[in-house]
Amino acid sequence: METVVDFHAVKEASESGSAVILDVRGPDEFKEGRIPKAVNVPVGEITSAFAMEAEAFEEKYNFPKPGVEVKIISSCKVGGRAAKGQSALKEAGYVNVMLYKGSFMDWTNQGGEVEQ
């Protein structure tokens, strides 16, 4: 399975809901602007967050905890933190984790819609 995705794959996921777009930037960066339908768990919290019970996870992060086989696209500002997020999710047992290499910078450069 391809583990790196491009703008078009992320756009399709954003429009169709075919994958969880996990923005691993800090909450302040996330609030400033994000890929539509993206959800936020800061990279430093991934290991503890994805070890939480589903109910506690949803209460803290305001979206349902994905199952281990759900497609997840890890994204940040330019790709560095997203790669760390991808690794942390794989270590937590997630099997369909992809990296949006250009992340938010690529998204905006390609004219992607920004949600606030």
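Quick note: structure is the one above.
In this report, we go over the structure that sits alongside the text. Everything quoted here is computed from the prediction, not taken from an experiment.

1. Quick word on the overall build of the protein
Summing up its helical and strand segments, the protein has six helices and five strands in all. The order of helices and strands in the protein, counted from the N terminus, is β-α-β-α-β-α-α-β-α-β-α. Burial analysis of the protein (116 residues in total) assigns 42% to the buried set. Taking as baseline every contact in the protein between residues at least 6 positions apart, the subset at least 24 positions apart corresponds to 58%. If you sum the accessible surface of the protein, you get close to 6200 Å²; carbon and sulfur atoms cover 50% of it. Here the protein holds 13 positive side-chain charges and 18 negative ones, and the gap between their average locations is 4 Å.

2. Some words on the pairing of strand 4 (residues 72-75)
Of the two faces of strand 4, the one lined by Ile-72 and Ser-74 and the one lined by Ile-73 and Ser-75 are each fully buried. For strand 2 (residues 20-23) and strand 4, the ladder comprises four bridges, and the chain directions are parallel. Of the residues in strand 4, the one forming a bridge with Leu-22 is Ser-74.

3. Topic: the pairing of strand 2
Side-chain direction in a regular strand flips from residue to residue, so the side chains alternate between the two faces of the sheet. Sheet analysis places strand 2 next to strand 3 (residues 39-40), joined by two bridges and oriented parallel. Paired with Asp-23 across the bridge in strand 3 is Asn-40. Since strand 2 and strand 3 lie parallel, the crossover through helix 2 (residues 27-32) that links them has a hand, and here it is right-handed.

4. Focus: the sheet that holds strand 4
Read across the open sheet, the five strands follow the order 1-5-4-2-3; overall the sheet is parallel. Unpaired on one side and paired on the other, strand 1 (4-5) and strand 3 mark the two borders of the sheet. Here helix 5 (residues 80-91) sits on the sheet and contacts strand 2, strand 4 and strand 5 (97-100); the angle it forms with strand 5, its principal contact strand, is near 175 degrees.

5. Things to note about a negative patch on the surface
Taken together, the side chains of Glu-53, Glu-55, Glu-58 and Glu-59 present a region of like negative charge at the surface. Within the secondary structure, Glu-58 is located in helix 4 (residues 54-61).

Cut-offs applied
- Within each chain, residues carry numbers counting from 1 in the order of the written sequence.
- pLDDT decides what is reported in this predicted model: residues at 70 or higher carry local features, side-chain atom pairs at 80 or more are listed and counted, and totals for whole chains, interfaces and linings draw on all residues regardless.
- Side-chain figures throughout are based on the complete set of non-hydrogen atoms in the structure, without hydrogens or water.
- Strands are runs of DSSP state E lasting at least 2 residues, helices are runs of H or I lasting at least 4, and numbering of each runs from the N terminus.
- Working definition: with a 1.4 Å probe on protein chains only, accessible area under 20% of the residue-type maximum means buried, over 50% means exposed, and in between means partly exposed.
- The criterion used for residue contact is that any of the two residues' heavy atoms lie within 4.5 Å.
- Surface accessibility in these figures is a Shrake-Rupley result with a 1.4 Å probe; residues are shielded only by whichever protein chains are displayed.
- We treat Lys and Arg as the positive residues and Asp and Glu as the negative residues; His and chain ends play no part in the count.
- We put the charge of a Lys on NZ, of an Arg on CZ, of an Asp on CG and of a Glu on CD.
- Note: two strands are recorded as paired if DSSP finds a minimum of 2 bridges between them.
- Consider the strands pointing away from the viewer: the crossover is right-handed when the path from the first strand over the helix to the second runs clockwise.
- Here an angle of 0 to 180 degrees is reported between the N-to-C directions of two axes, which are lines fitted to C-alpha atoms, with helices fitted over the stretch in contact.
- The patches described consist of residues with a relative accessible area above 30% and no salt bridge, like charges being joined within 9 Å and nonpolar side chains (Val, Leu, Ile, Met, Phe, Trp, Tyr) within 5 Å.
- By definition, a salt bridge exists where a carboxyl oxygen of Asp or Glu is found within 4 Å of a side-chain nitrogen of Lys or Arg.

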